[in-house]
Amino acid sequence: MIPSTLEYTKATSLDEALAAVKAGARPLAGGMSLMPMMRLRLAAPGAVVDLGGVPELVGICEDGDEIAVGAMTTHRSVANDPLIREHCHVVAQAAAGVGSMTIRNRGTIGGSLAHADPHGDLPAAILAAGGAVIVRGSGGERRIDVGDLITSYLTTSLAEDELITQVRLPKGAGQSAYAKFHRRAIDWSIIGVGVSIGADGVRAAATGVGDHPTRLTGFESVLNAGGSLEDAIAKAGEGLSPLGDLDGSTEYKLHLVGVLAAQAHAEASSR
Amino acid sequence: MATTERLTSGGVGDAVLRKEDRKFVTGEGRYVDDLKLPGMLHAAFVRSSFGHAKINSIDASAALAMPGVHAVLTNATLPVETGVLSASNPGGDVRHPEQAILAKEFARYVGEPVAMVIADNRYLARDAADAVQVDYDPVPVVVDAEKALEPGAPLVHAEYDSNLVKTLAHVTDGFADALAKAPKKISLRVVNQRVTPMPMETRGCIGDWSNSTGEVTLYTSTQVAHFVRTFVSIVCGTSEAKVRVVTPDVGGGFGAKLNTYREEFAVCAASKVVGRPVKWIEDRTENAVATIHGRDQVQYYEAGVDENGKILALKFDAVQNNGAYNQLLTPSISHLTLFMVPGCYDIQDVSITIRQVFTNTTPTDASRGAGRPEATHGIERLMDAIADDLGIDAAEVRRRNFIKADQFPYTSATGLAYDSGEYHETLEVALELSEYAGFEARRAEAAKRGKYRGIGLSTYVEVCGLAPSAVTAALGIGAPGWEHSTVRLHPTGKATVITGTSPHGQGHATSWSQITQTELGIPFDDVEVIHGDTAFQPYGLGTYGSRSLAVGGIALYRSLGKVREKARELAAHLLECSIDDLEWTGTSWQVKGSPDRAKTIQELAYAGWASASLPEGIEPVLEATTFHDPPNFTFPFGTHVCEVEIDQATGHVEVVNYTAVDDCGNVITPMIVDGQVHGGIIQGLGQALFEETVYSEDGHMLTPTLVEYLVPSAADVPPMTLHRTTTPSTSNPMGVKGIGEAGTIAASSAIVNAAVDALSVIGVRHLEMPMQPSRIWNVMQEATS
């Protein structure tokens, strides 16, 4: 639990942060994932740049038919924000259930997406809502759908010199909810499922089912074709093969996907 | 019953707040890691990453080349006389293989220390430890104790012909006959899984060796400072009189620090080498492999019972996983299980066999309850199995088997002399408080919500107050069980109490102050309690096994009595009367019926110090010392009732109601008793629902962090109703027993019994721990398919 020697700088502007990242520093957001990994020596960056002093990365505002959320906005702020609670409840609910209060006070929405933990709640919730991220690097600014952001275990499609600056949440996500299952209150989700029911139909996405958050296409297609919820639940785990581990077998986890999809769908429908 | 404010004056039984808490809650506690000595260096250990491997060579050149690295020590270069010593040899002939301070030829478990790096700071020491190259040849591994006993199993220690450490056995003369005659036989296999004690403060120590004087001071986070001193002198080869062991504040132990560890000797020896103080602080993942584990016992029960569910004969065969070596008390832990096999039941005939086994795992030793939770969990599962088999209510089968109040003092089939008990009473009180009778309505209501609801009982007795020294000697423990106290009155009338107990969260400063106020009339706030420094105490046996109050508290009680009597002689002298003319008012000695002719204890403290006029043959100063050896153990008991709900969809087990009725005899500090029960229940709940230390078959630790090893958090604590009955112990003058382990001993079986009851509607008859949702779901799938 002793990290290797490293250089630490704290950026005070986005440009400063981007310069540091370009020079090879690992961005440090809330530190709720990177710090434990460094302590366990699973990560040993030679340098980190703390984004905690970059004011333009924090805050939530309405921007047309989207909500713009600064990447360094904490889970607690996301969970409590009236706009997000109203228009994108699935994300607020997922943020409210991350870890413990201490973690929610420090952990950030952008950090959660960039870290890309296969059991993270925010990526699945934002995927269910149909959100995207704005990233900036030396090649300028671009927009990536969350579904294209996380590519595998702890891996994203960000270029090495890019930072997530903003998360874009659609105001038209409709009725939505997030359901998760974990052993203790503070634990990672074993499985989590976000469901949104909007004008374009039902979107559902799960965490814990593979190396990245995944759309529950079986579940979605049954419901969007007018099928019954029961049939949809039966198809919820279609195409998925979560790894068995101390938390349970593949079979058990697939069962949980159905249970949680039903739970999230019921809650979303009742909103 | 929880106490939230200081209500009364501060004597025995008063609802005081703990006097040590202000320091802890304001962050002013001082732990080993807070200590910084001039010139101090830092140690990190290179630990085996293999469960079993031959060490071919160790190349430290890259580490030694790093600036700021002072030394890399190995078995060949660490200056010690011997390895870690065990103080436990129950029944004689226990196999005690050498446990070198740094591994010699083989590493026998993941985490075994192989080399030690000394550097300028902790970070550098860790970097350098990673740079040490060890050439290993992995050899076959065995982690499961039953498999380790099979013919052809890999040998953990090649010098022995098997992995057997010791077989403990106890059979009563009438057992075979009684079992043969029993009309019904009921069998049950119970696994008590491996757990980790997990104190919030990990271990840590600083060795400070003076090469000019040969004196060594060891600061260490321990429950047993004097044991450590004795063993440091032997292992490091110096006079015990030159060794001082200091325990600053200690952030929890749970048995993990009732030990002497390699690192404690290593920092002393390393300090001798580098000529500067050497500090080592265990990190959390290190703690998972380097500090002892607990339990890991597989039990096979066979009970011969009559038609009414009365047990006529009980057979108990168990396999205990000792790990790769015997630590301080390892072989004695399952010996405690042996003693408690019959529990609180009147079972005259038993056959007990416990086979202790070496495996390629971290050594096991005392973990809160130490051997007794194993016995209680098993017998309480068995009582439910009997009730289930014969169609008798779980409470009723216990009533029929209890030792009755008029049978005390009662000699158990394993030879313990239970001094007192009222088992029926605590059961009935608990049934009433938990609304046991109305449970079926709650089960039916829960079923409508998609939940299986169940209720479970645990009726326990434990053995505390360790221990009469003649008994520890007879049990093969190389240490006595007495305790020391000194009471010293100052000229200003304040008191210093020096105790040999070694609190690490228990609150002795508070309870010892209350006893002092009641017995000597010195106000609670005028008492200071000193503990945990071998420079202050003649010797102390420390804090473990719920012994502090029942042994150390009695040592204090007796010293206070001696001071009071000396004060009486002084008072008689000063008041010019006979000692028989005096009466004790609680704060002063006065001539009977003459309040105007009195001397307060403070006045007498001054007079004893001033010594202007002392009675003949009386020395100056009011001070007394006692070494109290208890005549017997104490036997706290109680009934816990748990209700759980199990989610039919996910298998999630939730404790929805918990009632504990405990009898720990007379209570000194109510809030401390409540806190011990709360914490104990939560630790038992941890074992029942969450905690398990898991190894892969090839010896790797699969639960090295708190992400895998799940300790209950505040949010996982169920509602609890606490109540007490009071049956004073007859083994000591205060009628006290001990409460540090009761909650843990009772809770796991109450919770598992409730879960089995919940799933009984689908035909489930047994569950193993921890009852994680996936396991429960699998059981439900099998039961309903």
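Reading guide: rules and limits
Residues numbered from 1 in each chain as written. Chains lettered and ligands numbered in written order. Predicted model: local features only at pLDDT ≥ 70, side-chain atom pairs only at ≥ 80, totals over all residues. Heavy atoms only, no water. Contact = heavy atoms within 4.5 Å. Buried area = accessible area lost by both parts, 1.4 Å probe. Salt bridge = Lys/Arg side-chain N within 4 Å of Asp/Glu carboxyl O. Polar contact = N/O pair within 3.5 Å; in protein donor to acceptor, adjacent residues only side chain to side chain. Helix = DSSP H or I, 4+ residues; strand = E, 2+ residues; numbered from the N terminus. Nonpolar A, V, L, I, M, F, W, Y, C, P; charged D, E, K, R; others polar. Core = buried A, V, L, I, M, F, W, Y, C linked by side-chain atoms within 4.5 Å. Buried < 20%, exposed > 50% of the residue type's maximum accessible area, 1.4 Å probe, protein only. Pairing = 2+ DSSP bridges. Axes fitted to C-alpha atoms, helices over the stretch in contact; angles between N-to-C directions. Domains from an automatic or database assignment. Parallel < 35°, antiparallel > 145°, perpendicular 65-115°, else oblique. Left-handed = near helix turned anticlockwise from the far one by under 90°. 1 Å grid on protein atoms, 1.4 Å probe; cavity = no way out; pocket = protein on both sides within 12 Å on 5 of 7 lines; lining within 4 Å. Points joined across faces, edges and corners; volume = space filled by probe spheres on them. Expected span 1.5 Å × (residues − 1).

With respect to the interface of chain A and chain B
Line of reasoning, step 1. Counting from both sides, the interface comprises 22 residues of chain A and, opposite them, 30 residues of chain B.
Line of reasoning, step 2. Carbon and sulfur atoms make up 64% of the surface buried where chain A meets chain B, a total of about 2200 Å² over both sides.
Line of reasoning, step 3. When the buried area of chain A at its contact with chain B is split by residue, A:Ile2, A:Arg183 and A:Arg184 rank highest and sum to 33% of it.
Line of reasoning, step 4. Connecting chain A to chain B are two salt bridges.
Line of reasoning, step 5. Measuring nitrogen to oxygen at the nearest pair gives 2.8 Å for the salt bridge that ties B:Asp130 to A:Arg41.
Line of reasoning, step 6. Here chain A and chain B share twelve residue pairs in polar contact (both at pLDDT 80 or more) between them.
Line of reasoning, step 7. In terms of residue count, the dominant contributor to the side of chain A that touches chain B is helix 12 (residues 250-269) of chain A (five residues).
Line of reasoning, step 8. For the side of chain A that touches chain B, a count of residues per class yields twelve nonpolar, four polar and six charged.

Looking at the nonpolar core
Residue and element names in this part refer to chain B.
Line of reasoning, step 1. Membership of the largest hydrophobic core comes to 104 residues, with the highest contact counts inside it found for Met-116, Ile-118, Val-232, Leu-314, Leu-382, Tyr-418 and Tyr-423.
Line of reasoning, step 2. The residues touching Leu-382, leaving out its near neighbours within four places in the chain, are Ile-186, Leu-188, Tyr-301, Ala-303 and Leu-314.
Line of reasoning, step 3. Val-644, Val-677, Ala-742 and Trp-777 belong to the second-largest nonpolar core, a separate cluster that totals 68 residues.

What about the sheet that holds strand 10 (residues 163-170) of chain A?
For sheets, the rule is that strands pair by backbone hydrogen bonds, running either parallel or antiparallel.
Residues and elements named next belong to chain A.
Line of reasoning, step 1. Sheet architecture is open: five strands sit in the order 4-5-10-6-7, paired in antiparallel fashion. In this open sheet, the two strands that pair with only one neighbour each are strand 4 (60-63) and strand 7 (140-145). Taking the axes of each pair of neighbouring strands and ignoring which way they run, one obtains an average angle of 25 degrees across the sheet.
Line of reasoning, step 2. In the sheet, strand 6 (residues 132-137) pairs with strand 7 via six bridges, with the strands oriented antiparallel. Bridge pairing in strand 7 places Ala-132 opposite Asp-145.
Line of reasoning, step 3. Strands strand 6 and strand 10 of the sheet are contacted by helix 1 (residues 14-22), whose axis makes an angle of about 120 degrees with strand 10.

Some words on the sheet that holds strand 1 (residues 41-47) of chain B
Residue and element names in this part refer to chain B.
Line of reasoning, step 1. Overall, mixed pairing links the seven strands, which are arranged 3-5-1-12-9-10-11 in an open sheet. Whereas interior strands pair on both sides, the edge strands pair on one side only; in this sheet they are strand 3 (69-74) and strand 11 (243-246). For this sheet, the mean angle separating the axes of adjacent strands, direction not counted, is 20 degrees.
Line of reasoning, step 2. Two elements, strand 9 (residues 204-209) and strand 12 (residues 278-281), share four bridges in a ladder whose sense is antiparallel.

Details of the side chain of A:Ser176
All names here are of chain A.
Line of reasoning, step 1. Considering the arrangement of structural elements, one finds Ser-176 in strand 11 (residues 175-181).
Line of reasoning, step 2. Among the residues examined, Ser-176 registers a relative accessible area of 1% and is labelled buried.
Line of reasoning, step 3. Non-local contacts of Ser-176, meaning those with residues more than four positions away in its chain, are made with Cys-88, His-89, Val-90, Val-195, Ser-196, Ala-268 and Arg-271.

A closer look at the side chain of B:Asn192
All names here are of chain B.
Line of reasoning, step 1. By the element assignment, Asn-192 lies in strand 8 (residues 184-195).
Line of reasoning, step 2. Among the polar contacts made by the side chain of Asn-192, one reaches the side chain of Gln-687 at a distance of 2.6 Å.
Line of reasoning, step 3. Excluding residues within four positions of it along the chain, Asn-192 makes contact with Arg-295, Asp-296, Gln-297, Pro-373, Glu-374, His-377, Gln-687 and Met-769.

Observations regarding the domain arrangement of chain A
Residues and elements named next belong to chain A.
Line of reasoning, step 1. With domains assigned, chain A is organised as domain 1 (7-50), domain 2 (59-172) and domain 3 (175-269).
Line of reasoning, step 2. Computed from C-alpha atoms alone, the centre-to-centre distance between domain 2 and domain 3 is 19 Å.
Line of reasoning, step 3. The interface of domain 2 with domain 3 comprises 26 residues on the first partner and 26 residues on the second.
Line of reasoning, step 4. Carbon and sulfur atoms make up 55% of the area that domain 2 and domain 3 hide from each other, which totals about 2000 Å².
Line of reasoning, step 5. Broken down residue by residue, the surface that domain 2 buries against domain 3 is led by His-119, Leu-127 and Ala-128, which jointly contribute 28%.
Line of reasoning, step 6. Joining domain 2 to domain 3, the criterion identifies one salt bridge.
Line of reasoning, step 7. Taken together, the connections running from domain 2 to domain 3 amount to 17 residue pairs in polar contact (both at pLDDT 80 or more).
Line of reasoning, step 8. At the level of elements, helix 5 (89-96), helix 8 (121-129) and strand 8 (150-152) are the ones that each hand at least two residues to the side of domain 2 that touches domain 3.
Line of reasoning, step 9. Considering each element in turn, the side of domain 2 that touches domain 3 owes the most residues, seven residues, to helix 8.
Line of reasoning, step 10. A class-by-class count of the residues in the side of domain 2 that touches domain 3 yields 13 nonpolar, eleven polar and two charged.

As for the domain arrangement of chain B
Residues and elements named next belong to chain B.
Line of reasoning, step 1. Segmentation of chain B into domains returns domain 1 (32-139 + 202-250 + 257-290), domain 2 (294-466 + 632-784) and domain 3 (482-628).
Line of reasoning, step 2. Both faces considered, domain 2 and domain 3 share a buried interface measuring about 1300 Å² in area, 67% of it formed by carbon and sulfur atoms.
Line of reasoning, step 3. On inspection of domain 2 and its partner domain 3, the count reaches zero salt bridges.
Line of reasoning, step 4. Where domain 2 meets domain 3, there are seven residue pairs in polar contact (both at pLDDT 80 or more).
Line of reasoning, step 5. Looking at side-chain class alone, the side of domain 2 that touches domain 3 contains eight nonpolar, seven polar and four charged residues.

Brief notes about the packing of helix 10 (residues 372-390) of chain B against helix 19 (residues 742-759) of chain B
Residues and elements named next belong to chain B.
Line of reasoning, step 1. Packing of helix 10 against helix 19 leaves a shortest axis separation of 8 Å and a crossing angle of 30 degrees. Compared by their axis directions, helix 10 and helix 19 come out roughly parallel. Taken as a pair, helix 10 and helix 19 cross one another with a handedness that is right-handed. Residues Arg-372, Pro-373, Thr-376, His-377, Glu-380, Arg-381 and Asp-384 of helix 10 touch helix 19, and the partners they reach there are Ile-745, Ser-748, Ser-749, Val-752, Asn-753 and Val-756.
Line of reasoning, step 2. Counted by class, the contact of helix 10 with helix 19 contains four nonpolar, five polar and four charged residues.

Brief notes about empty space enclosed by the protein
Line of reasoning, step 1. Applying the stated criterion across every chain, the model contains nine cavities of 30 Å³ or more.
Line of reasoning, step 2. The calculated volume of the largest cavity comes to roughly 110 Å³.
Line of reasoning, step 3. Taken together, A:Ile2, B:His42, B:Ala43, B:Ala44, B:Phe45, B:Arg122, B:Arg126, B:Lys279, B:Trp280, B:Ile281, B:Asp283 and B:Glu286 make up the lining of the largest cavity.
Line of reasoning, step 4. Among the secondary structure elements, those contributing two or more residues to the lining of the largest cavity are strand 1, helix 3 (122-131) and strand 12 of chain B.
Line of reasoning, step 5. The dominant element in the lining of the largest cavity, judged by the number of residues it contributes, is strand 1 of chain B, at four residues.

Here's the deal with the packing of helix 18 (residues 670-690) of chain B against helix 19 of chain B
Residue and element names in this part refer to chain B.
Line of reasoning, step 1. One way to put it is that helix 18 packs onto helix 19 with a least axis distance of 7 Å and a crossing angle of 45 degrees. Taken together, the axis directions place helix 18 and helix 19 in an arrangement best described as oblique. Judged by the twist between their axes, the crossing of helix 18 over helix 19 is right-handed. Contacts between helix 18 and helix 19 involve Val-677, Gly-680, Ile-681, Gln-683, Gly-684, Leu-685, Ala-688 and Leu-689 from the first element and Gly-743, Thr-744, Ala-747, Ser-748, Ile-751 and Val-752 from the second.

A word on helix 7 (residues 262-274) of chain B
All names here are of chain B.
Line of reasoning, step 1. Taking 1.5 Å per residue as the helical rise, helix 7 with its 13 residues ought to reach 18 Å, and the 18 Å between its terminal C-alpha atoms agrees with that figure.
Line of reasoning, step 2. Most of helix 7 sits inside the fold, with eleven of its 13 residues counted as buried.
Line of reasoning, step 3. Among the residues of helix 7, Arg-262, Glu-263, Glu-264, Phe-265, Ala-266, Val-267, Cys-268, Ala-269, Ala-270, Ser-271 and Val-274 are the ones counted as buried.
Line of reasoning, step 4. Just beyond helix 7, the residue with positive phi is Gly-275, at close to 70 degrees.

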